[in-house]
Amino acid sequence: MVAICFVNQKGGVGKTASVINVGAALAKLGNRVLLIDLDPQESLTYWLGITSPPKTVCDVLEDGAAIQDSIFQHRGGFDVLASNEMLAALTPDINSLKQALAGQPYDYVLLDCSPTLGMLTLAALTAANWVIIPLCPDLLSIKGMSQLLGTIQTVREKTNPSLILKGIIATRYCARKRMHREVLEQLGMFFEDTEIFTVRENISIAESPVQGVSVLDYKPKCTGAKEYLTIARRLTDG
Ligand SMILES: Nc1ncnc2c1ncn2[C@@H]1O[C@H](COP(=O)(O)OP(=O)(O)OP(=O)(O)O)[C@@H](O)[C@H]1O
Ligand SMILES: [Mg+2]
């Protein structure tokens, strides 16, 4: 099992969109996939149209409920552990998520973090094998990276030495914008060993929650669906 933490303390950069669409793409490639909504905003839960999950991530982290009793089986071919607004009041043990995931029968578990670097995000980074950073390719995103990279480094030193920065996804990318091209170039120079993906601005991605599905099910032929499939293929290539 590979656990992938999608993290960025900046809001609205495409964390939830990337978890859902990379997860859906990994499932379409034949993998057993679990998505976990670790955000009290419940964006992933809401996006996927889940209104009455059997249990939520609160039950798992607070009361020790088993993941297999708590998941919602989504028609996109993946499982979801839903969030709950009560998650905001939870201060989980840093190892709680890692312990809950031990021995789970999935190929990939994708963790959708909230836009903070609080205890839940630290628990997610502690449980993860890989980190993926979604960002909007503007100058403020680059500025916020040093704090995020500092947090990842601290987690490596304290709780998870083998944590790998697997990729960066520049979302809402627009090749016509000089700033986007320049930010991408700077990222490429700074992160020599990390793959940098782009997902272009694509209205179908933003529309897909209307049907409670990923963009791969909403508009399978659109650029967003193709780009997320490409990312999933690269991740599974090794
Ligand atoms: N490539 C894209 N093209 C167009 N719209 C997009 C794209 N990626 C994401 N969006 C839209 O941008 C908005 C923010 O995306 P998303 O919710 O995934 O960000 P987030 O980082 O999870 O936000 P938060 O920090 O609040 O959790 C959403 O409405 C989403 O549908
Ligand atoms: Mg989100």
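Preceding this paragraph is the structure being described.
Residues numbered from 1 in each chain as written. Chains lettered and ligands numbered in written order. Predicted model: local features only at pLDDT ≥ 70, side-chain atom pairs only at ≥ 80, totals over all residues. Heavy atoms only, no water.

Chemist: Could you clarify how one ought to interpret the site of ligand 1 in this entry?
Modeler: Neighbouring ligand 1 are 19 residues, the closest being V13, K15, T16, A17 and N202. One of the backbone nitrogen or oxygen atoms of G12 is found 3.0 Å away from an oxygen atom of ligand 1. Within the backbone of V13, one N or O atom sits 2.9 Å away from an oxygen atom of ligand 1. Alone, ligand 1 offers 630 Å² of accessible surface; in the complex the protein occludes 84% of this. The cavity where ligand 1 resides is the largest pocket. Within the residue set of the shell around ligand 1, elements represented by two or more residues are α1 (15–28), β8 (195–200) and α8 (203–207). Per-element accounting of the shell around ligand 1 gives the leading share, 3 residues, to α1. Classifying every residue of the shell around ligand 1 by side-chain character gives 7 nonpolar, 6 polar and 6 charged. (Near = heavy atom within 4 Å. Polar contact = N/O pair within 3.5 Å; in protein donor to acceptor, adjacent residues only side chain to side chain. Areas by Shrake-Rupley, 256 points an atom, 1.4 Å probe, with all protein chains shown as cover. 1 Å grid on protein atoms, 1.4 Å probe; cavity = no way out; pocket = protein on both sides within 12 Å on 5 of 7 lines; lining within 4 Å. Sits in = over half its atoms within 2 Å of the grid points. Helix = DSSP H or I, 4+ residues; strand = E, 2+ residues; numbered from the N terminus. Nonpolar A, V, L, I, M, F, W, Y, C, P; charged D, E, K, R; others polar.)

Chemist: I keep staring at the pattern of salt bridges and nothing clicks. Help me out?
Modeler: Side chains that differ in sign of charge can pair as their charged atoms come close. Within the structure shown, the criterion is met by 7 salt bridges. R234 serves as the salt-bridge partner of E195, at 3.0 Å between the closest nitrogen and oxygen. Residue E195 is located in strand β8, and its partner R234 is located in helix α10 (residues 223–237); the two are separated by 39 residues in the primary sequence. Assessed through its relative accessible area of 39%, R234 is described here as partly exposed. Between R200 and E227 there is a salt bridge, with the nearest N and O atoms lying 2.7 Å from each other. Of this pair, R200 sits in strand β8 while E227 sits in helix α10, placing them 27 residues apart in sequence. Under the relative-accessibility criterion, R200 is labelled partly exposed at 43%. (Salt bridge = Lys/Arg side-chain N within 4 Å of Asp/Glu carboxyl O. Buried < 20%, exposed > 50% of the residue type's maximum accessible area, 1.4 Å probe, protein only.)

Just distances and angles here, no functional claims.
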